[in-house]
Amino acid sequence: MSRHTTFRFCVDPTVEQCDVLARHAGASRFAMNQCLRIVKTALTQRKTNPTFDVPWSGFDLINAFNAWKKTEEGGRMFSVNTTGDAQIVVTGLAWRREVCQQVFEEAAVDLGRGLKAWSESRSGKRKGKRVGFPRFMKKSGAVVSFRLRNKHSQGCRPLIRVGDNNRPRSITLPGVGAIGVHDDTRRLRRMIAKNRAKILFATITCHGGRWWVSLNVEAADLHTPRPDGDRGGWVGIDRGLSAFLVAATAGGTEVARITDAPRALASGLKRQRLLAKSLSRKQKGSANRRDVAARLRRHHHHVANMRRHFLHQVCNKLVKTHDRLVIEDLHVSGMLANRRLARAISDAGWAEFARLLGYKQAWRRGELVVADRWYPSSRLCPACGALRDDLALWGQTHHDPTTDPRTPKPKFPPLGLV
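Residues numbered from 1 in each chain as written. Predicted model: local features only at pLDDT ≥ 70, side-chain atom pairs only at ≥ 80, totals over all residues. Heavy atoms only, no water.

Draft legend 1. Molecular detail of a positive patch on the surface. Taken together, the side chains of Arg187, Arg190, Lys194, Arg196 and Lys320 present a region of like positive charge at the surface. Examined against the element boundaries, Lys320 turns out to sit in helix H7 (residues 287-321). (Patch = residues over 30% accessible without salt bridge, like charges linked within 9 Å, V, L, I, M, F, W, Y side chains within 5 Å. Areas by Shrake-Rupley, 256 points an atom, 1.4 Å probe, with all protein chains shown as cover. Salt bridge = Lys/Arg side-chain N within 4 Å of Asp/Glu carboxyl O. Lys, Arg positive; Asp, Glu negative; His and termini not counted. Charge placed at Lys NZ, Arg CZ, Asp CG, Glu CD. Helix = DSSP H or I, 4+ residues; strand = E, 2+ residues; numbered from the N terminus.)

Draft legend 2. Quick look at the sheet that holds strand S12 (residues 254-258). Across the sheet, five strands lie side by side as S12-S11-S10-S13-S14; this open sheet has mixed pairing. Looking along the sheet, the strands with just one partner apiece sit at the ends: S12 and strand S14 (367-371). Averaged over all pairs of adjacent strands, the angle between strand axes in this sheet comes to 20°, irrespective of strand direction. Sheet topology note: the strand S11 (residues 245-249)/S12 ladder contains four bridges and is antiparallel. Within the sheet, the bridge partner assigned to Ala247 lies in S12 and is Ala256. Those strands touched by helix H10 (residues 350-363) are strand S10 (235-239), S11, strand S13 (324-328) and S14, and its axis lies near 155° from that of S13. (Pairing = 2+ DSSP bridges. Axes fitted to C-alpha atoms, helices over the stretch in contact; angles between N-to-C directions. Contact = heavy atoms within 4.5 Å.)

Draft legend 3. Quick look at the packing of helix H2 (residues 58-68) against helix H3 (residues 102-123). For the pair H2 and H3, interaxial distance at closest approach is 8 Å and the crossing angle is 135°. The orientation of H2 relative to H3 falls into the category oblique. As H2 runs across H3, the sense of the crossing is right-handed. Where H2 abuts H3, its residues Gly58, Leu61, Ile62 and Phe65 lie against Phe104, Glu105, Ala108, Val109, Leu111, Gly112 and Leu115. Classifying every residue of the contact of H2 with H3 by side-chain character gives eight nonpolar, two polar and one charged. (Parallel < 35°, antiparallel > 145°, perpendicular 65-115°, else oblique. Left-handed = near helix turned anticlockwise from the far one by under 90°. Nonpolar A, V, L, I, M, F, W, Y, C, P; charged D, E, K, R; others polar.)

Draft legend 4. Focus on H2. Restricting attention to buried positions, one finds in H2 the residues Gly58, Leu61, Ile62, Phe65 and Trp68. Along the long axis of H2, the arc covered by the buried residues comes to 135°, so they all point the same way. Where H2 is buried, its residues contact helix H1 (15-48) and H3. (Buried < 20%, exposed > 50% of the residue type's maximum accessible area, 1.4 Å probe, protein only. Arc of directions from axis to C-beta.)

Draft legend 5. Inspection of H10 at higher detail. The end-to-end C-alpha distance of H10 is 20 Å, a good match for the 20 Å that 14 residues give at a rise of 1.5 Å each. Inspection of H10 places Trp350, Phe353, Leu356, Leu357, Lys360, Gln361 and Trp363 among the buried residues, and these make up the whole buried set. When H10 is viewed along its axis, its buried side chains cluster within an angular range of 140° and face the same direction. Two residues or fewer after H10 comes Arg365, characterised by a positive phi angle close to 60°. (Expected span 1.5 Å × (residues − 1).)

Draft legend 6. Looking closely at the packing of aromatic side chains. Applying the stated criterion to the full structure yields eleven aromatic pairs. Ring geometry for Phe30 and Trp95: centres 5.3 Å apart, planes at 70°, overall edge-to-face. Separated by 65 residues along the polypeptide, Phe30 in helix H1 and Trp95 in the loop between strand S3 (86-90) and H3 bring together distant segments of the chain. An aromatic cluster is defined as three or more aromatic residues linked by ring pairs; in this entry it consists of Phe30, Phe65, Trp68, Trp95 and Phe104. Directly above the aromatic system of Trp212 lies the positively charged group of Arg8, at a separation of 4.3 Å from the ring centroid. Lying over the aromatic face of Phe201, Arg147 brings its terminal NZ or CZ to 5.9 Å of the ring centre. (Phe/Tyr/Trp six-rings, centres within 6.5 Å; stacked < 30°, edge-to-face > 60°. Lys NZ or Arg CZ within 6 Å of the ring centre and 35° of its normal.)

Spelled out as structure tokens, the structure:
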């Protein structure tokens, strides 16, 4: 059974390689915008000619862009002879051979997916939040990224290679070359050497002033499942703020409790405020403002990495020790309306924790059940099944209201006892 996973590494390119990576990212943005411009032009022409063909899928957009980049609209120049006669020479995109052609194709495929999502959302075939029509990508503020495919002919080496030319910590990309990697690639190299993994795509992005490469890998039996007779009981997971996580079995035995969550945003809030104030004092367009903005971006990226690293550690520990997990369905977006707890809830990353736990449990062929959001777990007595309707926010477990000492007493005595 094949599975798909992603290996993410922080790369260390040279100054020349940084320019090449930025050129590829710009080519991807340019191809995306040009394909969208072709679609909008075709939609305008179809108003007068209903039979006019509009490129909509990724394959059609690739063909349309490849035909456009060789035309006069793609690029031209004037040639003047000795007699002074000028002649137009069609060159197309003069710089199209400076980047890998896969960048143009993958950008067209991404736009095709966006158009498909918009059409399905408009017709009601796609569930969830309504998807808008694709927009043009801006040069400033856009995500700097591009994607490459690992295609190769039979008997030839793949285009994307890890640890090539006796460089264990390196990744070879088409059109870029061998790039150094900060992280250890031993696990992926061993899987590829044993034919247990195959690299499909490589997505290169720039975050916080650093370049990252994400390798989409198709692996067979990435994790060995446990025997059916070795499965333990169900373990329920409760997320909170004072204690990030409390896990207990069906019998009430607590198996995990995490109270020392890093709180990445709260710990770095002081530095974030100082950088934000310093940025507001700088003149727009100045070099000092660009430097402070870069430091602020790196700080936000560091905070996100701290939170993500902690969530990965907790999820890995849970899925490796328990095969059957139950997690509650929290309305996180609704909880953010509480202005007193919104920052703490966002810093905890409850939604991201549920997402990570879901796909990691699926990798190990375990079971994950999402409890109903309206199930009265705290107000239900585990022994007799009685439902208590007057349970306050401080109540964590069910108690008899007549004997529970924590039941709030009336503030004033009844009128008959005055």
